[in-house]
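Topology and contacts: notes
Here is what each chain is made of, one letter per residue.
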Amino acid sequence: SDSSSDSGSEDSSLSDSELQEAFSKGALKPGLNVVLEERPKRHNDVNGLKQCLSEFKQQLAWVERLDVTLGQVVDPISQSASNKDAVDPENDFQREMSFYRQAQAAVLEALPRLRKLQVPTRRPDDYFAEMAKSDQQMQKIRQKLKSKQEAMERSERAKQLRAMRKYGKKVQNEILQRRQKEKKNMLNAVKKYQKGLSDKLDFLDEEPTSSQGNKKGSANQQIKKGPNAKRRYKNQKFGFGGKKKGSKWNTKESFNDVSSFRSKVAHNKGPRKGGKKALNKRPGKRARQKMKSRAR
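For clarity, every value in this text was computed on a predicted model and none was experimentally measured.

A separate point is the overall build of the protein chain. Broken down by element type, the protein chain carries eleven helices and two strands. Starting at the N terminus and walking to the C terminus, you meet the elements of the protein chain as α-α-α-α-β-β-α-α-α-α-α-α-α. A fraction of 33% describes how many contacts in the protein chain between residues 6 or more apart in sequence connect residues 24 or more apart. When the accessible surface of the protein chain is summed, it comes to about 29,300 Å², and 52% of that surface belongs to carbon and sulfur atoms.

Here is the structure:
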């Protein structure tokens with residue numbers, strides 16, 4: 001009765017009459033927790049366990065149960081049964097290896113029995129298992145994976161662009177620093193030469209940068225090969241070198257040379273096209289002024 005009252009006091013669904021009866025017996029104590037005077041003893045009811053086992057145990061064939069009970073496991077290296085006491089349960093490797101060898105031994109014992117009962121143990125080549133997830137769910141998963149992959153690719157491209165910009169800025173800064181250094185060295189050399197500290201003009205013949213050196217080298221090659229067509233045309237048209245001013249002045253020889261003079265052409269007496277004489281039909285200055293006054 002005490003145990004029932006204790007359990008009843010723990011149950012919050014008791015009725016008022018049961019609570020009053022428990023309070024009158026002194027089973028209820030103040031507080032939310034139930035104070036146990038002593039720890040309950042555990043009772044190993046072997047007969048009850050065997051009775052329960054016999055009630056739900058079913059006498060089925062082995063092919064329906066597929067249970068394999070083995071004793072000591074044979075170690076494939078030493079070809080001897082492993083001692084249970086030799087396996088340290090605290091050692092993960094020894095414990096897992098003992099489970100692995102026990103499973104191997106169970107398979108070696110169960111496979112011949114299944115073949116004897118003509119039970120297939122291998123999956124046929126044309127066997128297709130039903131999918132655990134529907135096609136719609138798999139499509140969502142596929143789209144999710146695709147979007148994640150595209151996001152990773154975009155992130156990788158952005159990272160590469162940032163690296164390229166960073167590298168470009170680095171190269172640009174290096175070029176600017178090199179130019180500033182060359183300019184500073186040039187100015188220092190010029191100052192030394194002006195002050196008379198140095199009489200060398202080697203700074204004028206310094207090797208230019210890589211880009212300028214390439215241009216100068218290509219120009220030298222062009223000069224060695226000769227001027228290009230454009231340069232030759234300009235030289236032929238305008239001339240190069242020598243005196244240019246007064247090149248069309250008359251000399252004594254050109255003044256005395258009258259072989260190219262044509263009197264008919266000079267005095268407008270030569271024949272025109274169509275057999276008529278070439279006359280100057282332009283009106284005089286007074287006639288032109290009258291014509292302008294009339295037009296006004």
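There is more to say after this.
Chain-level statistics for the protein chain give a pLDDT mean of 77 and a share of 73% at 70 or above. Within the protein chain, helix H1 (residues 2-10) has the poorest average pLDDT of any element, 45, and helix H5 (residues 92-116) the best, 90. Contacts from residues 1-11, a stretch scored under 50 in pLDDT, to residues over four places away or in other chains number five contacts.

There is a patch of like positive charges on the surface, built from Lys 159, Arg 162, Arg 165 and Lys 169. Checked against the element boundaries, Arg 162 lands in helix H6 (residues 135-195).

Taken together, the side chains of Val 63, Leu 66 and Leu 117 make up a nonpolar region of the molecular surface, amounting to roughly 250 Å² of accessible area. Within the element layout of this structure, Val 63 appears in helix H4 (residues 62-65).

Here is what the cut-offs are and how they apply
Residues numbered from 1 in each chain as written. Predicted model: local features only at pLDDT ≥ 70, side-chain atom pairs only at ≥ 80, totals over all residues. Heavy atoms only, no water. Helix = DSSP H or I, 4+ residues; strand = E, 2+ residues; numbered from the N terminus. Contact = heavy atoms within 4.5 Å. Areas by Shrake-Rupley, 256 points an atom, 1.4 Å probe, with all protein chains shown as cover. pLDDT = per-residue confidence, 0-100. Patch = residues over 30% accessible without salt bridge, like charges linked within 9 Å, V, L, I, M, F, W, Y side chains within 5 Å. Salt bridge = Lys/Arg side-chain N within 4 Å of Asp/Glu carboxyl O. Lys, Arg positive; Asp, Glu negative; His and termini not counted. Charge placed at Lys NZ, Arg CZ, Asp CG, Glu CD.

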